[in-house]
Amino acid sequence: ARVGAMASGDAGDGVTPDVSFATFHRSATPLVSDDAAVEDTVSHLAAVAASIASLDAPMIERSLDFILFPVTAVMRRETEPKGDTATNPKAQARRIKTLEESLKCISTVLRRLEPGCGKPDFIADLFCDVVAVLARAGSDPSLDPSRSSDLEDLRFAAVTCASEVLRLVRPDTEHAVALTADRNLPAVGYAVSLLVQTAHLEAAAGARGSKVARAASLRTLRDLVMNTADPDVWSFFLPGIVSGLAKALHASSGSRSGEGSGPASAADDSASTEAAIEALAAIVTCVLDDGVNVGIKRRDEDGGDVRERLRRMMSGRTASNGDEKDDAGDKDEKDDDVRGPPPTGADATEAAARLKTKRTARWLRETAPRVERVLAAALTPACAHRKPFVRRASCAAATAVMRACA
């Protein structure tokens, strides 16, 4: 009752901030203690979540990394592959539940914060940790696929937590810069792949799939793009994201139940259709916006490519050799679907260099028509959808693209 009163803002119950923090500290200590029993971890996480509810928002904001440290430590420990778990159903169930409770605890904390809170590097690292859990929920061989309902809950908890992390990030801020830094770019790319994969898995499961999880995955992908909004980052991922979202829309393209190309439930999943449309508009307007590409277009119109070739010819370099070098820089990346655990450290920096596309006049000329064709094929059926909000989202997406990418 005292915790509930504090959470509701009742200051008359006699609980001071110091007492609340002391309660949290006592609850969190077992999570990082070597003597704590693994079987009790879930109950300790529940106690930590309850104690955090008694902390006021300013205290959480000031000490966010300290407050979440014991929870993220548990989450990282349980994310590591464990071969013995595969032969121990009880240990496997406990591991899944521990990860799920860790994610829920983090989400509960983050919901109390305003955008921009938290140290940028901490928020970026937290997002990468959540992506690692999402990866385990979909691809860890030590987690038994027969526990599909448990894994579905874990995936949904991971997607929800990722969404809460992204809510704190805004474009052109230190948080956005930290999240899309070279060291985190492989994890960001992996997140794109996992979110699209999660949406496809839920759609392919038909009536057994979760519409809520599918819609949440697509909305989280939308927020990941919109809340960082860096065309230099997203240009590499543009083809893969557009393709994945087009497939999601194609599966639910019917205006009536059963008319889509996927399972019947996919055509009935209007919320996911709307989320896919919004995500599609977000990535296209981010990367192909006229404002961010005006310099590329101007160089092309001014004949910059021709003058550069002439300079190379005068310096003894053949035009063909120059073209070949340009082609390497302009060529669209095909392998934009990042799979497998993201590398770390120096390997991450090296991998990040391969996850970038140089936006040139040639790249723009080749990319824009392809995206235009996919957009037309994806949005046209959606404009005739039986749900008014889906038709409205389609019109809004088309309008946004035409205004930004004329």
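Residues numbered from 1 in each chain as written. Predicted model: local features only at pLDDT ≥ 70, side-chain atom pairs only at ≥ 80, totals over all residues. Heavy atoms only, no water.

Now for the overall build of the chain. Summing up its helical and strand segments, the chain has 21 helices and zero strands in all. Looking at the chain residue by residue over its 406 residues, the buried ones come to 46%. Pairs at least 24 residues apart make up 78% of the contacts formed inside the chain by residues separated by at least 6 positions. A total of about 19,100 Å² of accessible surface is found on the chain, and carbon and sulfur atoms cover 54% of it. (Helix = DSSP H or I, 4+ residues; strand = E, 2+ residues; numbered from the N terminus. Buried < 20%, exposed > 50% of the residue type's maximum accessible area, 1.4 Å probe, protein only. Contact = heavy atoms within 4.5 Å. Areas by Shrake-Rupley, 256 points an atom, 1.4 Å probe, with all protein chains shown as cover.)

This paragraph deals with unusual backbone geometry. You will see that Asp172, though not glycine, has its phi angle at about 60°, which is positive. Residue classification places Asp172 among the exposed positions, given a relative accessible area of 76%. In this structure, Ala229 takes a positive phi of about 50° despite not being glycine. Topologically, Ala229 is positioned in the loop between helix H11 (211-226) and helix H12 (231-234). For Ala229, a relative accessible area of 30% corresponds to the partly exposed category.

Attention now goes to the environment of Arg354. Inspection of the secondary structure puts Arg354 in the loop between helix H19 (345-353) and helix H20 (361-382). Since its relative accessible area comes to 51%, Arg354 is described here as exposed. In sequence terms Arg354 and Phe236 are 118 residues apart; their C-alpha atoms lie 9.1 Å from each other.

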